Amino acid sequence: MNIKKSLQSINASGSNFYFNDVDVIPENINAVLINEVVPNDPENDFYGKQDGEYLSAVIRLFQNAGITVNTAEELLDLGIYITNAVKKPKSHTSVERSMIEESLPFLEKELALFPNVQVVMLMGDVAKKAVNMIAKRTTKRNVIPAVSTYKLRHSEIYYKNIRLMPSYIMTGKNILIEKSKFQMACEDISNMIHMINRDPVFHLHQQ
């Protein structure tokens, strides 16, 4: 199944959204990582060029978490899919609520494509806001409490029997500057791997 074609089927507005142009076996996906917003250049996204900004950043996180991967395809083979909450590049330093709302139908459809997801990692505040907006439509309340991420990292939060893991944004220069957040994101990824019960498939570095 091609993700881009699946999401384009609900894009009737003609607006310039960007979707992952990647083929995925939906049943094989056990974890989804939701990042903030698509980059200005699609080639820098997770399923763009091999040395693209976003993919390079996430590979660095996984490798520091002890997982020997080098490509987006290897992550897919391990049951891990990555996407962005907002499907358009941001025009300001912050992401406005209206941009999140505009992309919600696509994110909700995207998450529903994977029937066997056990864990959804929320990489940053935008991802947390987006999932809260989705949950609020059916539950009438936020599923992610409005407290700092570091207080939520080890909380057991579930939505539709899926474990939600708030963590830190995994792209951009700040993740390299803020060493503590980088390390916590690596730890969260390591915990996610144990949760999806695929440890024998991973080649873990000796600590």
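Report on the accompanying structure.

## Things to note about the nonpolar core
Soluble globular proteins tend to bury their nonpolar side chains together. F62, Y81 and M192 are the most contacted members of the largest nonpolar core, which totals 68 residues. For this core, the leading source of residues is helix α5 (residues 125-139), giving seven residues. Other than its neighbours up to four places away in sequence, Y81 contacts I3, N20, V22, V24, I29, A31, V32, L33, Y47, L76, E110 and F114.

## Let's talk about the packing of helix α4 (residues 97-112) against α5
At a closest axis distance of 9 Å, the pairing of α4 and α5 adopts a crossing angle of 70°. One element, α4, and the other, α5, form an angle in the roughly perpendicular class. Read as a crossing pair, α4 and α5 show a hand that is right-handed. Counted together, R97, I100, E101, L104, L107, E108 and L111 of α4 and V126, K129, A130, M133, I134 and R137 of α5 form the full contact between these two elements. The class makeup of the residues in the contact of α4 with α5 is eight nonpolar, no polar and five charged.

## Observations concerning the pairing of strand β1 (residues 31-37)
Here β1 lies mainly inside the structure; seven of its seven residues are buried. Where β1 meets strand β2 (residues 80-86), six bridges bridge the pair, whose relative direction is parallel. Residue N35 lies in a different strand from β2, and its bridge partner there is N84. Pairing analysis gives four bridges linking β1 to strand β3 (residues 119-123), with the strands arranged parallel. Residue pairing across strands places A31 opposite V119, the latter belonging to β3.

## Brief notes about the environment of Y47
Within the secondary structure, Y47 is located in the loop between β1 and α2 (53-64). Between the alpha carbons of Y47 and F19 there is a distance of 9.8 Å; along the sequence they are 28 residues apart. When residues no more than four places from it in sequence are discounted, the contact partners of Y47 are N20, V22, A72, L76, I80, Y81 and I82. Polar contacts involving the side chain of Y47 include one to the main-chain amide nitrogen of I82, which spans 3.0 Å.

## Section: the sheet that holds β1
The strand order across the open sheet built from five strands is β2-β1-β3-β5-β4, with neighbouring strands paired in mixed fashion. Pairing within the sheet leaves two strands with one partner each, and these edge strands are β2 and β4 (157-159). With direction set aside, neighbouring strand axes in the sheet form an average angle of 30°. Against the sheet, α4 contacts β1 and β2, and its axis sits at roughly 155° relative to β2. Strand contacts of helix α8 (residues 179-195): β1, β2, β3 and β5 (162-167), with the helix running at about 170° to β5, the strand carrying the most contacts.

Criteria and cut-off values
- Residues numbered from 1 in each chain as written.
- Predicted model: local features only at pLDDT ≥ 70, side-chain atom pairs only at ≥ 80, totals over all residues.
- Heavy atoms only, no water.
- Core = buried A, V, L, I, M, F, W, Y, C linked by side-chain atoms within 4.5 Å.
- Buried < 20%, exposed > 50% of the residue type's maximum accessible area, 1.4 Å probe, protein only.
- Helix = DSSP H or I, 4+ residues; strand = E, 2+ residues; numbered from the N terminus.
- Contact = heavy atoms within 4.5 Å.
- Axes fitted to C-alpha atoms, helices over the stretch in contact; angles between N-to-C directions.
- Parallel < 35°, antiparallel > 145°, perpendicular 65-115°, else oblique.
- Left-handed = near helix turned anticlockwise from the far one by under 90°.
- Nonpolar A, V, L, I, M, F, W, Y, C, P; charged D, E, K, R; others polar.
- Pairing = 2+ DSSP bridges.
- Polar contact = N/O pair within 3.5 Å; in protein donor to acceptor, adjacent residues only side chain to side chain.

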